[in-house]
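Single-letter residue listing:
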Amino acid sequence: MRASAKNYETVAKYCGSYAPNSSCGLKNSSTGCETEKSCTNCRHFSSNGEYCVLDLYDKIAKDHNIE
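Residues numbered from 1 in each chain as written. Predicted model: local features only at pLDDT ≥ 70, side-chain atom pairs only at ≥ 80, totals over all residues. Heavy atoms only, no water.

Chemist: Residues and numbers for empty space enclosed by the protein, please.
Modeler: Under the criterion given, the structure shown has 1 cavity of 30 Å³ or more. Of the pockets and cavities examined, the largest cavity occupies roughly 100 Å³. Surrounding the largest cavity, 13 residues form its lining, Cys15, Cys39, Cys42, His44 and Cys52 being those nearest its centre. Looking at the lining of the largest cavity residue by residue, the classes come out as 11 nonpolar, 2 polar and no charged. (1 Å grid on protein atoms, 1.4 Å probe; cavity = no way out; pocket = protein on both sides within 12 Å on 5 of 7 lines; lining within 4 Å. Points joined across faces, edges and corners; volume = space filled by probe spheres on them. Nonpolar A, V, L, I, M, F, W, Y, C, P; charged D, E, K, R; others polar.)

Chemist: Please provide a residue-by-residue account of the packing of aromatic side chains, values included.
Modeler: A full pass over the atoms with the stated rule returns 2 aromatic pairs. Seen in terms of ring centroids, Tyr8 and Phe45 are 5.2 Å apart; in terms of plane orientation they differ by 75°. Their pairing is edge-to-face. With a gap of 37 residues between them, Tyr8 in helix α1 (residues 5–14) and Phe45 in the loop between α1 and α2 (57–63) connect regions that are remote in the sequence. Both residues of the pair, Tyr8 and Phe45, belong to the buried class. Each member of the aromatic cluster is reached from another via a ring pair, and the members are Tyr8, Phe45 and Tyr57. (Phe/Tyr/Trp six-rings, centres within 6.5 Å; stacked < 30°, edge-to-face > 60°. Helix = DSSP H or I, 4+ residues; strand = E, 2+ residues; numbered from the N terminus. Buried < 20%, exposed > 50% of the residue type's maximum accessible area, 1.4 Å probe, protein only.)

Structural data, given as structure tokens:
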């Protein structure tokens, strides 16, 4: 990962292309699913956990002053 977990969460909140990577969506943690919107649980995040395959992270971070 190249950004902090908090930054990935913030960028995901602003991303219009965010899509949960599991069929359960954003259910509570008792189901084993993620509870927070984050780039790391988006289906457009690379399988190796390094980048957004749609190349949206940098633009969103810049537009919203996320460092």
